[in-house]
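Here is how the chains run, residue by residue.
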Amino acid sequence: MIIIVLMIDALGYNYLSKDSFWYKYSQMITNDIPTITCPNWITILTGKKCTEHKILNNEDIGRNNFIFPHTTIFSDYPNYTKYFISDWHPLRKTVQHDVTFVHTRKVWTALHKLLKYSIAPNTLIILNTDRLDTVAHINHWGSKQYYNTLQKIDNHTHAINCKLAKLNKKYVLFGIADHGGHKDDHEDHTNPLIRQVPLLTISNVPVGKFSINTNDQFRRHIKKIVNKNTKIIKKKIIKHKT
């Protein structure tokens, strides 16, 4: 199975256009406190709330002597080929030895190339980009520049899904964000424009019914869908043998 996770910095659920690709395939979930980037990416990757993993700012992970003490989504798939594509270098600290970390500003180009040339039968790719966050901090959430960048992300996501569909392989495409924002702020945890983020799920395999309300449940959300379809494959093999 191919598993792809798009981690989009600063994408607030309430800024999705109702005719957008993301809106069509997303549900609203709530992020964690503090509503800043690194703590929420760590929550999403580990399945632990900020009070559990205790990474509460963006600075600690960038320290030279910082050692990441937690397992992540990558640990759940030991037999997969794994890539982490990111334009934010500090996240390199979260990857284990069997993960290829690709640091580039052209994250979407890197993902397209992987899907074209280097895709193995079982592959997990996480893409992280902070481009929307940069635009939001310069021009504010809800600005023309913000919506233009969001439209580009929507187009990229649609293109990736089209490419996955043509591979004739089982796949699940997820999308998630760390926080939204309001004007020039994303730290007011009482503001739903900041707390509410999208969870996108698209697949050509059964995903079943799922209930996920907060971003710390995301790791389990992926595992449940992958395990469900792994069991289906095993049942078919056993039935064929008998």
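The structure we're discussing is the one just above.
The structure contained in this document is the topic of the report that follows. (Residues numbered from 1 in each chain as written. Predicted model: local features only at pLDDT ≥ 70, side-chain atom pairs only at ≥ 80, totals over all residues. Heavy atoms only, no water.)

Comments concerning the pattern of salt bridges
Evaluation of the coordinates by the stated rule reveals seven salt bridges. For Lys 49, the salt bridge identified is with Asp 216, shortest N-O distance 3.3 Å. Of this pair, Lys 49 sits in the loop between helix 2 (37–46) and helix 3 (50–53) while Asp 216 sits in the loop between strand 7 (196–203) and helix 8 (218–241), and the two are 167 residues apart along the sequence. Residue Arg 219 pairs with Asp 76 through a salt bridge whose shortest N-O separation is 2.8 Å. A residue pair is termed long-range when its members are at least 10 positions apart, and Arg 219 in helix 8 and Asp 76 in the loop between helix 3 and strand 3 (81–86) qualify at 143 residues. A network of salt bridges, in which partner residues are shared, links Lys 49, Asp 216 and Arg 220. (Salt bridge = Lys/Arg side-chain N within 4 Å of Asp/Glu carboxyl O. Helix = DSSP H or I, 4+ residues; strand = E, 2+ residues; numbered from the N terminus.)

Some remarks on helix 5 (residues 131–139)
Burial in helix 5 covers these residues: Leu 132, Asp 133, Val 135 and Ala 136. Around the axis of helix 5, the buried residues are gathered within 160° of arc, so they sit on the same side. Contacts made by the buried residues of helix 5 are with strand 1 (2–8) and helix 6 (144–166). Within two residues after helix 5, His 140 carries a phi angle of roughly 85°, on the positive side. (Buried < 20%, exposed > 50% of the residue type's maximum accessible area, 1.4 Å probe, protein only. Arc of directions from axis to C-beta. Contact = heavy atoms within 4.5 Å.)

Observations concerning the sheet that holds strand 2 (residues 26–30)
Read from one edge of the open sheet, seven strands run 2-7-6-1-5-3-4, paired in mixed fashion. One side of each edge strand has no neighbouring strand; the edge strands of this open sheet are strand 2 and strand 4 (99–103). Adjacent strand axes in the sheet meet at a mean angle of 15° when their direction is disregarded. Looking at chain direction, strand 1 and strand 5 (residues 123–129) are connected through seven bridges and run parallel. Across the sheet, residue Ile 3 finds its bridge partner in strand 5, namely Leu 124. (Pairing = 2+ DSSP bridges. Axes fitted to C-alpha atoms, helices over the stretch in contact; angles between N-to-C directions.)

Digging into the pairing of strand 5
Counting buried positions along strand 5 gives seven out of seven residues, so the element sits mostly inside the fold. Residue alternation in strand 5 divides its side chains into two sets, Thr 123, Ile 125, Leu 127 and Thr 129 and Leu 124, Ile 126 and Asn 128, and both sets are buried. Both strand 3 and strand 5 contribute to a ladder of six bridges, which runs parallel. Note on strand 5: the bridge partner recorded for Lys 82 is Leu 124.

Topic: the side chain of Thr 35
Following the sequence through the fold, Thr 35 ends up in the loop between strand 2 and helix 2. Owing to a relative accessible area of 2%, Thr 35 belongs among the buried residues under this scheme. Reaching out from Thr 35, the side chain makes a polar contact with the backbone oxygen of His 186 at a distance of 2.6 Å. With near-sequence residues (within four places) excluded, Thr 35 lies in contact with Asn 40, His 179, His 186, Glu 187, Asp 188, His 189, Ile 194 and Arg 195. (Polar contact = N/O pair within 3.5 Å; in protein donor to acceptor, adjacent residues only side chain to side chain.)

Regarding the packing of helix 4 (residues 107–117) against helix 6
Between helix 4 and helix 6, the least distance of the axes is 11 Å, while the angle of their chain directions is 5°. Relative to helix 6, the element helix 4 is oriented roughly parallel. The residues of helix 6 that touch helix 4, namely those facing Trp 108, Leu 111, His 112 and Leu 115, are Ile 153, His 156, Thr 157, Ala 159, Ile 160, Lys 163 and Leu 164. The residue makeup of the contact of helix 4 with helix 6, split by class, is seven nonpolar, three polar and one charged. (Parallel < 35°, antiparallel > 145°, perpendicular 65-115°, else oblique. Nonpolar A, V, L, I, M, F, W, Y, C, P; charged D, E, K, R; others polar.)

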